[in-house]
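A look at the structure
Below are the chains, spelled out letter by letter.
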Amino acid sequence: MVSWAYNPLTKGPVRLRISVLVLACGLSACADTTAPDDTTLVGEWAAPAETLANGSSYQVLLTIRRDNSYSTETQNFASLAAQAKGEVSRYTRFEGTYLVRNDSLFTHPDRWISWDSANGPNSPVQVVPVDPVIAHALADGMYLELSGEALVLHYISFPVDEPVETTQTFHRVH
């Protein structure tokens with residue numbers, strides 16, 4: 001079991017982990033003149049894979065379900081030298097619930113789930129409840145653009161010690 005003394009944000013690329021935490025904690029949504037409803041956003045979304053300087057890559061996946069649950073997962077590929085290009089090295093996933101209100105989508109993460117192949121291929125998956133105080137403190141929201149098969153999120157991330165305007169584009173997975 002992982003205690004709150006363990007800080008998952010300090011392991012690995014800090015910017016990526018904090019950005020995912022912000023993504024998991026709050027989104028505000030707005031389409032042209034009408035607000036998206038639950039059914040418009042329901043589905044699986046994938047951001048394009050990003051290649052890192054060491055040759056490994058990562059991809060962010062977002063799943064919004066009809067039962068008002070969601071998950072956002074970052075998968076890292078080929079982080080270890082012996083791994084093939086498309087082999088999952090680690091993943092981090094937030095799961096929780098969401099609410100659509102007017103032109104906004106709010107998420108509430110309930111748990112943080114992670115696995116890292118550096119701990120061995122059969123290492124246990126770590127599951128940690130998200131402290132409601134932390135979730136609330138990070139729930140500033142994101143501006144959302146929904147256009148056909150594209151979902152664009154504009155939000156503030158905290159890669160080091162100051163806020164940075166960030167944009168992430170997802171495409172619907174079929």
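Residues numbered from 1 in each chain as written. Predicted model: local features only at pLDDT ≥ 70, side-chain atom pairs only at ≥ 80, totals over all residues. Heavy atoms only, no water.

Before going further, it helps to examine the overall build of the protein. Helix and strand counts for the protein stand at three helices and ten strands. Its helices and strands in sequence order give the protein the pattern α-α-β-β-β-β-β-β-β-α-β-β-β, from N to C terminus. Burial statistics for the protein: of 174 residues in total, 45% are counted as buried. Residue pairs in contact within the protein that sit at least 24 positions apart in sequence constitute 47% of those at least 6 positions apart. A total of about 9500 Å² of accessible surface is found on the protein, and carbon and sulfur atoms cover 55% of it. (Helix = DSSP H or I, 4+ residues; strand = E, 2+ residues; numbered from the N terminus. Buried < 20%, exposed > 50% of the residue type's maximum accessible area, 1.4 Å probe, protein only. Contact = heavy atoms within 4.5 Å. Areas by Shrake-Rupley, 256 points an atom, 1.4 Å probe, with all protein chains shown as cover.)

With 17 residues, the main nonpolar core has Leu62, Leu151, Leu153 and Phe170 as its most contacted residues. Put simply, the parts of the chain that give this core at least two residues each are strand E3 (57–64), strand E8 (143–147) and strand E9 (150–157). Of all the elements, E3 adds the most residues to this core, at four residues. Formed by five residues, the second largest nonpolar core is a distinct cluster that contains Phe94, Val128, Val130 and Ala135. (Core = buried A, V, L, I, M, F, W, Y, C linked by side-chain atoms within 4.5 Å.)

Attention shifts here to the pattern of salt bridges. Overall, the coordinates contain five salt bridges when judged by the stated rule. In this structure, Arg93 engages Glu73 in a salt bridge whose closest nitrogen and oxygen atoms are separated by 2.9 Å. Of the two residues, Arg93 is situated in strand E5 (residues 88–101) and Glu73 in strand E4 (residues 69–77); the sequence distance between them amounts to 20 residues. One exposure class covers both Arg93 and Glu73, and it is buried. Linking Glu95 and Arg93 is a salt bridge whose minimum nitrogen-to-oxygen distance equals 3.0 Å. Look at Arg93 and you get buried, because its relative accessible area is 18%. (Salt bridge = Lys/Arg side-chain N within 4 Å of Asp/Glu carboxyl O.)

Our focus in this paragraph is the side chain of Ser89. As for its placement among the helices and strands, Ser89 is situated in strand E5. Here the side chain of Ser89 touches Ala78 through a polar contact of 3.0 Å, landing on its backbone nitrogen. Beyond its immediate chain neighbours, meaning those up to four positions away, Ser89 contacts Asn76, Phe77, Ala78, Ser79, Leu80, Gln83, Trp115, Asp116 and Ser117. (Polar contact = N/O pair within 3.5 Å; in protein donor to acceptor, adjacent residues only side chain to side chain.)

Further remarks concern the environment of Ile156. Summarising the element assignment, Ile156 is placed in strand E9. In this structure, the C-alpha to C-alpha distance between Ile156 and Thr167, residues eleven residues apart in sequence, is 8.6 Å.

When pLDDT drops low, the exact placement of atoms in the prediction is not to be read closely. Looking at the protein, pLDDT values average 75 and 72% of them are 70 or higher. Element-level mean pLDDT values for the protein span from 44 in helix H1 (residues 14–25) up to 96 in strand E1 (residues 43–46). (pLDDT = per-residue confidence, 0-100.)

This paragraph deals with the environment of Gln83. Within the element layout of this structure, Gln83 appears in the loop between E4 and E5. For Gln83 and Ser56, which are 27 residues apart along the polypeptide, the C-alpha to C-alpha distance reads 9.5 Å.

Residues other than glycine seldom take positive phi values, yet Asn68 does so here, at roughly 65°. Topologically, Asn68 is positioned in the loop between E3 and E4.

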